[in-house]
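# Observations on the model geometry
Here's the letter readout for the chains.
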Amino acid sequence: MAEQSPVLEMTGIRKVFPGVVALDGVDFRLYPGEIHALMGENGAGKSTLIKVLTGVYDIDGGDITLAGAPVRINGPLQAQQAGISTVYQEVNLCTNLSVAENIFIGREPRRFGRIQWGLMRRRAAELLARLDLDLDVSAPLSTYSLAIQQMVAIARAVDISARVLILDEPTSSLDTSEVAQLFAVMRRLKDEGVAILFVSHFLDQIYEVSDRLTVLRNGQLIGEYRTAALPQVQLVEKMIGKELAVLSDVEDEAQSSREKAAEASPVIEARGLGRSGAIAPFDLTIHAGEVVGLAGLLGSGRTELARLLFGADRADQGELSIDGRPVTLRSPQLAMKKGIAFSSENRRTEGIIGDLSVRENIILALQASRGWTRPIPRRRQDEIVEKYIKALQIRPADPERPVRNLSGGNQQKVLLARWLITEPRLLIIDEPTRGIDVGAKAEIQKLVAELSGGGMAVLFVSAELEEVLRLSHKIEVLRDRRLVEELENTDGVDADRIMQTIASGATS
Amino acid sequence: MTSILKNRLFWPAAILVVLLAVNVFTSNQFITIRDGHLFGTLIDILRGSAPLILVALGMTLVIATGGIDLSVGSVMAISGAVACLLISDLGDQNAVGPVLLIIAASIGISVLFGLWNGALVAIVGIQPIIATLILMVAGRGVAQLITDGQIINVQSGPYATIASGFLLAVPVAFLIAVAAVALIVLLTRRTALGLLLESVGGSPTASRLAGIGAKRITVMVYMVAGGFAGLAGLIYSANIKSADSISAGNLIELDAILAVVIGGTALIGGRFSIAGTVLGAILIQTLGVTVVAVGVPAQATLLFKAIVVVALCLSQSPAFREKVFGRLKPRPALRAEVAQ
């Protein structure tokens, strides 16, 4: 393999967004017939690099050569024509159409303008057979599982252009046997000479399937390694890097407040609370000053649980009490009155109001709770906003700038500020660190630890186990829309222990 | 200079100035004093634009929430019909007290129709364009039922005053519009209503999760739009001293929407501009007057109006401006931007 020349070579790639350098001089090589893992924590620049490759973003510097020839990828269509196909985490297919239609949509075999259905089905079946899949190609895609749908997406991608295949977190919502099935397909394609770029959060999967890996951190290239030659511990070190110093502080803080929290009175208590189709009935108690982490895969019911506690969705069974008094949270407004704050995982659609300024976004929740007839005096607004811009280091520090123009991390800080000024007793934050740069991430984690130290109860939802482990006093593990286990975060609990529960259900 | 040129309202304002200038030359009396009050084309424009300003104000708030109100014309017809019917039943049509009471009642009824729209949109969850289409169609029928299909004439001095009267030499109708603008500016900018409105229009989901009672605000906004449409209907009917349920407010919803858009409020909701809307409404009214003044043949007026509107919209489109002005002189524009 060493003598072969790379099919794809990226050198010195640079990409800048307002307020953050997403990629800074990153090199990346991909050889034909290899599975190459792209590693890094959230915000390291993985998705940016992929978006550069697929033509979603234009680069600010650097060169890309494909099969020896320099290319400039200006759009998804061009990427496809150059031989680069991508399959994303969320399957982008039409589930109401048949398998064959999905594979050939937009490029159906035609004769005299008429679609040749027979030929299309035959070719679809051949293609799937190549991947060792035996499906009824005329059945609607929706009749198959998510894993199969993903493989149909892969089949479509390799049929369009087979040189480079990018798989962006394809396994995040698959179960173990489905993952094995996917890996079989990947290996088969690899044997056919396809270069596969694979992104996954699961280290075990990386070690199982990849040949080589490239580590990014904070938008910079850390290195390229042969997977077999790099022990897992070292990989994690390279991914987390110098961030470790800051984080151990956070951990200390979390530890010290742990004892305090255990004695405090419960802020919120859920008994058999649930909502059919969203989350099975669960029991949960959160004390003042306690950080409770929610761990689980995408779609495991993390967000659904959080939303019930805020009244964003209404529970259809069970009881909830706040300070020992039973309540029914019919709306977010009511939850806010009870001192609960909730920052959604969908920062763009459920968090910020893009057109409004930083100042307006920050005061929004407080203003809403006061009602429209009692405006917050402008001078008071400016004071509050200035204080929080300083405290949370929101950049740029311009209160009148539309929040839309801020980077993800700063938008997240604006949202945190929005809720902190309402002085909540329970702060629910759903994926606050997703897709933001490492610096902002550490700051947010530190803030959470400080808040709980000050007596605030925090429900912390994150897909990143490390982060949950670092911050939480207590960890609730979810699987298949069910709370399966509650773990005191003592020294014996680590990511492996939680992953085990996520993978296999409760250990009891 | 470039900052003025870049202002969204520059081109509408420029076109308004040009149109007014045309009127200065074509009309024999642009502005003058006769019988102790102001008189002339400018005054006609100001007085004539009152109903449109009122309707467009309500429309601005509705559009800011991401909605639209097609029923304003029908509400105008209803309020005019109610007022004229009640006034025609009065023993003394010139009694000020009862007439004021009737005016208040008509506006109140219009607010109730706004409540109906708001309830359909916010509580039942019907799309605004469909929800208000119901009243747009049905409302005119209601107005005809009220007047029994007839045109009701009234001979009420106090009633006519709201359309054609003068106070301190200024037309009462225009003063009513000014008061309405002041009221709305106070209501939206002195309270938090404006912020919450823009938030709801910008992102309903995010607003709900921020604890904003979006439903109540939405209902309220349709009620305001209803009330202002009702007031506009009264001015219209007072002007012709009768209730004409067929042509009162006919197609005014389109002019109102146009005024809002010219004023820089996006149809998808969010940020809104009251000043822009007022400018837009006056511009549309001036355009109508000018077309007649310069003697464009009657059959060509609509086409002429369309051309001006298209030019106006193009002047406001960032993409179009970029293409035309960006190519002409890209360098100086760039430097000026840096200098700021």
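Only a predicted model underlies this, so the values are computations on that prediction, with no experimental measurement involved.

## What about the overall build of chain A?
Looking only at helices and strands, chain A features 18 helices and 22 strands. Evaluated residue by residue, chain A yields a buried proportion of 54% over its 508 residues. Expressed as a percentage of contacts within chain A between residues at least 6 apart in sequence, the contacts between residues at least 24 apart total 67%. Carbon together with sulfur atoms contributes 48% to the accessible area of chain A, which is approximately 21,500 Å² in total.

## Details of the nonpolar core
Inside soluble globular proteins, nonpolar side chains tend to come together where they are buried. If you look at the biggest cluster of nonpolar residues, it comprises 165 residues, and the most contacted ones within it are F282, L305, L309, F310 and L459 of chain A together with Y159 of chain B. When residues of this core are assigned to domains, at least three map to each of domain 2 (242-339 + 425-508) and domain 3 (347-423) of chain A. In contact with L305 of chain A, other than residues within four places in its own chain, are I279, F282, L284, L294, L459, L478 and L483 of chain A. Counting 49 residues, the second largest nonpolar core, distinct from the first, contains A147, A153, L182 and I196 of chain A.

## As for the packing of aromatic side chains
This structure, assessed with the given rule, holds 3 aromatic pairs over all chains. Arranged with centres 5.9 Å apart and planes meeting at 85°, the rings of F183 of chain A and F198 of chain A form a pair that is edge-to-face. Of this pair, F183 of chain A sits in helix α6 (residues 176-191) while F198 of chain A sits in strand β10 (residues 195-199), and the two are 15 residues apart along the sequence. Both residues of the pair, F183 of chain A and F198 of chain A, count as buried. Ring centres of F310 of chain A and W419 of chain A lie 5.9 Å apart, and the angle between their planes is 85°; this geometry places the pair in the edge-to-face category. Taken together, the positions of F310 of chain A in helix α10 (residues 302-310) and W419 of chain A in helix α15 (residues 408-420) put the pair 109 residues apart, joining distant regions of the chain. Like W419 of chain A, F310 of chain A is buried. Linked through ring pairs, F310, F342 and W419 of chain A together constitute an aromatic cluster. Its end group placed over the ring of F272 of chain B, R189 of chain B keeps NZ or CZ at 4.4 Å from the ring centre.

## Points about the interface of chain B and chain A
Counting from both sides, the interface comprises 22 residues of chain B and, opposite them, 27 residues of chain A. A buried area of about 2,000 Å², summed over both sides, lies between chain B and chain A, and 67% of it is on carbon and sulfur atoms. Looking at the side of chain B facing chain A, the largest losses of area belong to L195, L209 and R271 of chain B, adding up to 31% of the total buried there. Inspection of the region where chain B meets chain A yields 1 salt bridge. Measuring nitrogen to oxygen at the nearest pair gives 2.6 Å for the salt bridge that ties R271 of chain B to E360 of chain A. Applying the counting criterion to the chain B and chain A interface returns 4 residue pairs in polar contact (both at pLDDT 80 or more).

## Some remarks on helix α13 (residues 252-262) of chain B
Residue and element names in this part refer to chain B. Taking burial as the measure, the 11 residues of α13 include 8 buried ones, the bulk of the element. Residues of α13 that are buried include every one of I252, E253, A256, I257, L258, A259, V260 and I262, and no others. Phi turns positive, to about 95°, at G264, one or two residues after α13.

## Overview of the environment of A67 of chain A
Residues and elements named next belong to chain A. Checked against the element boundaries, A67 lands in the loop between β4 (61-66) and β5 (69-71). Between the C-alpha atom of A67 and that of P32, which follows or precedes it by 35 residues, the distance is 9.7 Å. The residues contacting A67, other than those within four sequence positions of it, are V7 and R163.

## Digging into the pairing of strand β14 (residues 279-287) of chain A
Residues and elements named next belong to chain A. Across the 9 residues of β14, 7 count as buried, placing the element largely inside the fold. As judged from the 6 bridges shared by strand β13 (residues 266-275) and β14, these two strands associate in the antiparallel manner. What sits directly across from I268, in β14, is I286. Hairpin connection from β13 to β14: 3 residues lie between these consecutive antiparallel strands, with G277 at a positive phi of about 85°.

## Overview of the side chain of S203 of chain B
Turning to its location among the elements, S203 of chain B is positioned in the loop between α10 (193-202) and α11 (204-209). One polar contact links the side chain of S203 of chain B to the main-chain amide nitrogen of A206 of chain B, over a distance of 3.2 Å.

## Structural notes on the side chain of T218 of chain B
Looking at where T218 of chain B falls in the secondary structure, it is placed in helix α12 (residues 214-240). Among all residues touching T218 of chain B, those that are not within four sequence positions of it are V121, A122 and V200 of chain B.

## Re the sheet that holds strand β16 (residues 317-322) of chain A
Residues and elements named next belong to chain A. Here we have 4 strands laid out as an open sheet, ordered β14-β13-β16-β17, and antiparallel in their pairing. In this open sheet, the two strands that pair with only one neighbour each are β14 and β17 (325-327). Between one strand axis and the next, the sheet turns through 20° on average, direction left out of account. Across 5 bridges, β13 lies against β16 in antiparallel orientation. Along β16, the bridge assignment pairs I268 with I322. On the sheet, α10 packs against β13, β14 and β16 and is oriented at approximately 65° with respect to β14.

## Side note on the pattern of salt bridges
Residues and elements named next belong to chain A. In this structure the tally under the stated criterion is 27 salt bridges over all chains. Notably, a salt bridge pairs R29 with E224, separated by 2.8 Å at the nearest N-O pair. Taken as a pair, R29 in strand β2 (residues 20-30) and E224 in strand β12 (residues 220-226) lie far apart in primary sequence, 195 residues in all. A residue is classified by how much of its surface remains accessible, and R29, at 29% relative accessible area, is partly exposed. Taken together, the shared-partner salt bridges connect R29, E34, R212 and E224 into one network.

## Here we look at the confidence of the model for chain B
Residues and elements named next belong to chain B. The predicted model of chain B averages 85 in pLDDT, with 93% of residues at 70 or higher. Of all secondary-structure elements in chain B, the lowest mean pLDDT belongs to helix α17 (residues 330-339), at 37, while helix α4 (residues 50-64) reaches the highest, 95. Scored below 50 in pLDDT, residues 329-340 makes 4 contacts in the model with residues more than four places away or belonging to other chains.

## Quick notes on the sheet that holds strand β20 (residues 457-461) of chain A
Residues and elements named next belong to chain A. Here we have 6 strands laid out as an open sheet, ordered β18-β19-β20-β15-β21-β22, and mixed in their pairing. Edge positions in the open sheet fall to β18 (340-343) and β22 (482-488), since each of these has one partner strand only. Within this sheet the neighbouring strands show an average axis-to-axis angle of 15°, counted without direction. Pairing of β18 with strand β19 (residues 426-430) involves 4 bridges; the strand directions are parallel.

## Looking at a nonpolar patch on the surface
All names here are of chain B. Taken together, I129, I130, L133 and V137 make up a surface patch of nonpolar side chains, about 340 Å² in accessible area. Considering the arrangement of structural elements, one finds L133 in helix α7 (residues 128-146). Judged by relative accessible area, L133 falls into the partly exposed class, the value being 35%.

## Description of a positive patch on the surface
A contiguous patch of positive charge, built from R325, K337 and K338 of chain A together with R216 of chain B, is present on the exposed surface. Tracing the chain through its elements places R216 of chain B in helix α12. Take R216 of chain B: its relative accessible area is 66%, and that puts it in the exposed class.

Each value, and the rule that gives it
- Residues numbered from 1 in each chain as written.
- Chains lettered and ligands numbered in written order.
- Predicted model: local features only at pLDDT ≥ 70, side-chain atom pairs only at ≥ 80, totals over all residues.
- Heavy atoms only, no water.
- Helix = DSSP H or I, 4+ residues; strand = E, 2+ residues; numbered from the N terminus.
- Buried < 20%, exposed > 50% of the residue type's maximum accessible area, 1.4 Å probe, protein only.
- Contact = heavy atoms within 4.5 Å.
- Areas by Shrake-Rupley, 256 points an atom, 1.4 Å probe, with all protein chains shown as cover.
- Core = buried A, V, L, I, M, F, W, Y, C linked by side-chain atoms within 4.5 Å.
- Domains from an automatic or database assignment.
- Phe/Tyr/Trp six-rings, centres within 6.5 Å; stacked < 30°, edge-to-face > 60°.
- Lys NZ or Arg CZ within 6 Å of the ring centre and 35° of its normal.
- Buried area = accessible area lost by both parts, 1.4 Å probe.
- Salt bridge = Lys/Arg side-chain N within 4 Å of Asp/Glu carboxyl O.
- Polar contact = N/O pair within 3.5 Å; in protein donor to acceptor, adjacent residues only side chain to side chain.
- Pairing = 2+ DSSP bridges.
- Axes fitted to C-alpha atoms, helices over the stretch in contact; angles between N-to-C directions.
- pLDDT = per-residue confidence, 0-100.
- Patch = residues over 30% accessible without salt bridge, like charges linked within 9 Å, V, L, I, M, F, W, Y side chains within 5 Å.
- Lys, Arg positive; Asp, Glu negative; His and termini not counted.
- Charge placed at Lys NZ, Arg CZ, Asp CG, Glu CD.

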